[in-house]
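Structural features, examined
Residues per chain, in single letters:
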Amino acid sequence: LGHSWLRALQEHDLLIYKQADAIIICFDLTDKESFESTTNWLASIYKHKSEDIPKVLCGNKADLIEVSDDYVQDRAAEKKAEEYVMKYFKTSAYSG
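What this report covers is the structure whose coordinates are included nearby. Remember, it's a predicted structure, so these values are computed and weren't measured experimentally.

1. Remarks on the pattern of salt bridges
Pairing is possible between side chains of opposite charge, provided their charged atoms come close. Taken as a whole and assessed by the stated rule, the structure comprises five salt bridges. With its nearest N and O atoms 3.7 Å apart, the salt bridge here joins Glu-78 to Arg-75. Here Glu-78 and its partner Arg-75 are both found in helix H4 (residues 74-83), three residues apart, which amounts to about one turn of the helix. Its salt-bridge partner being Glu-82, residue Arg-75 comes within 3.4 Å of it at the nearest N-O pair. By relative accessible area, which is 53% here, Glu-82 ends up exposed. Look at the salt bridges and you will find they share partners, linking Arg-75, Glu-78 and Glu-82 into a network.

Structure representation (structure tokens):
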């Protein structure tokens, strides 16, 4: 992305954070890199909001865990949720 696009995205993110009353952080249960990026999202959020903002960690694609070789373990997600004082849920857009 060009510099002007990157700056526009950063300003857009700042506007979204300032208006937020709660945060839902979603990641792909079948992609550990997706899970690891939640730490960066939290750091970004804390630049603009108090750590006291209500948060939920949401692992999506729970229906695909059985066919994935590289899925996020429940304990890893639960540990991150505990560390950042938020609830953790596993969900599936496919199966509910």
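2. Examining the packing of aromatic side chains
In the structure shown here, the tally under the stated rule is three aromatic pairs. Ring plane angle 35° and centroid distance 6.3 Å describe the contact between Tyr-46 and Tyr-84, whose orientation is recorded as tilted. Separated by 38 residues along the polypeptide, Tyr-46 in helix H3 (residues 38-48) and Tyr-84 in the loop between H4 and strand E3 (87-90) bring together distant segments of the chain. Taken individually, Tyr-46 and Tyr-84 each receive the classification buried, so the pair is uniform in this respect. Positioned above the aromatic ring of Phe-35 is the side chain of Lys-80, whose terminal nitrogen or guanidinium carbon lies 4.6 Å from the ring centre.

Basis of the calculations
- Residues numbered from 1 in each chain as written.
- Predicted model: local features only at pLDDT ≥ 70, side-chain atom pairs only at ≥ 80, totals over all residues.
- Heavy atoms only, no water.
- Salt bridge = Lys/Arg side-chain N within 4 Å of Asp/Glu carboxyl O.
- Helix = DSSP H or I, 4+ residues; strand = E, 2+ residues; numbered from the N terminus.
- Buried < 20%, exposed > 50% of the residue type's maximum accessible area, 1.4 Å probe, protein only.
- Phe/Tyr/Trp six-rings, centres within 6.5 Å; stacked < 30°, edge-to-face > 60°.
- Lys NZ or Arg CZ within 6 Å of the ring centre and 35° of its normal.

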